[in-house]
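Overview (structure and organization)
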Amino acid sequence: MLMLISGCSYKTRPDGAALHDLGLIVQRNAEQAPLHVEVTAPEWLRDTRIHYRQLYLTPTIVKFYNLDRWIAQPAALLAKHFAAIPVSEPLTVKVRLLDFEQRFDTPQQARSVVAFEVEVYKVNENAPKARKTFQFEQVNISANALGAVNSFADLTEVAVSEMSAWFNSLR
């Protein structure tokens, strides 16, 4: 009887939402050149919900996980990571987030997609020094919110690495 009663009180879902970020940020060395980063996003990405689409079923409908959210808007999370990129000269970087969602190709397989445009400016200059569009995607380790979060964290590391290499090539 005790086992039956305790089984009825077992919760299969947590009461509150799990809050996620994009992983630890590598801190900049105080001796590095300053880097000012601004990340903007379209209206539909200005919330903390984790977005997904079921391409195999209804590709035009964007859905959201109920119990999993970002701790901040994706643009703010990316800005923190991008601001840690080491640069050799003072720069201002303007990033426009274009895509940040999980896409289900089948009920068992999903991938995360991140895309953004970057403009790099020298300090006190109005014209961009360079422009580039980045797009990254990765198949998720699981077709759920945790799989999406892990892929977004991995993709952020890749984006930071590729942006760092690009910034260094602009000298």
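Anything mentioned here points back to the structure above.
This structure is a prediction, so every number in the text was calculated from the model and none was measured.

1. Quick word on the overall build of the chain
Scanning the chain for helices and strands turns up three helices and seven strands. Secondary structure of the chain in N-to-C order comes out as α-β-β-β-β-α-β-β-β-α. When the backbone C-alpha atoms are referred to their principal axes, the chain occupies close to 75 × 35 × 25 Å. With 171 residues in all, the chain has 39% of them scored as buried. Sequence-distant contacts, at least 24 apart, represent 66% of the contacts inside the chain between residues at least 6 apart. Of the accessible surface of the chain, which amounts to about 10,000 Å², a share of 53% is contributed by carbon and sulfur atoms.

2. Things to note about the side chain of serine 112
Within the secondary structure, serine 112 is located in strand 6 (residues 109–122). Residue class for serine 112 comes out buried when judged on its relative accessible area of 0%. A polar side-chain atom of serine 112 sits 3.0 Å from a polar atom in the side chain of asparagine 140. Beyond its immediate chain neighbours, meaning those up to four positions away, serine 112 contacts Glu101, Gln102, Phe136, Glu137, Gln138, Asn140, Ala148, Ser151, Phe152 and Leu155.

3. Some remarks on the pattern of salt bridges
One pass over the structure, following the stated rule, counts 10 salt bridges. Between glutamate 89 and lysine 129 there is a salt bridge whose closest N-O contact spans 2.6 Å. Highlighted residues: glutamate 89 in the loop between helix 2 (74–82) and strand 5 (91–106) and lysine 129 in the loop between strand 6 and strand 7 (130–139), separated in sequence by 40 residues. Exposure remark for lysine 129: the relative accessible area of 29% places this residue in the partly exposed category. The closest approach of N and O atoms between arginine 103 and glutamate 101, which form a salt bridge, is 2.7 Å. Under the relative-accessibility criterion, arginine 103 is labelled buried at 16%. Each of the salt bridges in this network shares a partner with another, and the network as a whole consists of Arg53, Asp99, Glu101 and Arg103.

4. Re the packing of helix 2 against helix 3 (residues 145–169)
Two elements in contact, helix 2 and helix 3, have axes whose closest approach is 10 Å; the angle formed by their N-to-C orientations is 45 degrees. Between helix 2 and helix 3, the crossing angle belongs to the class labelled oblique. Between helix 2 and helix 3 lies a crossing of right-handed hand. Residues Leu78, His81 and Phe82 of helix 2 form the contact with helix 3, whose participating residues are Thr156, Ala159, Val160 and Met163. Among the residues forming the contact of helix 2 with helix 3, the class breakdown is five nonpolar, two polar and no charged.

Reading the values: the criteria
Residues numbered from 1 in each chain as written. Predicted model: local features only at pLDDT ≥ 70, side-chain atom pairs only at ≥ 80, totals over all residues. Heavy atoms only, no water. Helix = DSSP H or I, 4+ residues; strand = E, 2+ residues; numbered from the N terminus. Buried < 20%, exposed > 50% of the residue type's maximum accessible area, 1.4 Å probe, protein only. Contact = heavy atoms within 4.5 Å. Areas by Shrake-Rupley, 256 points an atom, 1.4 Å probe, with all protein chains shown as cover. Polar contact = N/O pair within 3.5 Å; in protein donor to acceptor, adjacent residues only side chain to side chain. Salt bridge = Lys/Arg side-chain N within 4 Å of Asp/Glu carboxyl O. Axes fitted to C-alpha atoms, helices over the stretch in contact; angles between N-to-C directions. Parallel < 35°, antiparallel > 145°, perpendicular 65-115°, else oblique. Left-handed = near helix turned anticlockwise from the far one by under 90°. Nonpolar A, V, L, I, M, F, W, Y, C, P; charged D, E, K, R; others polar.

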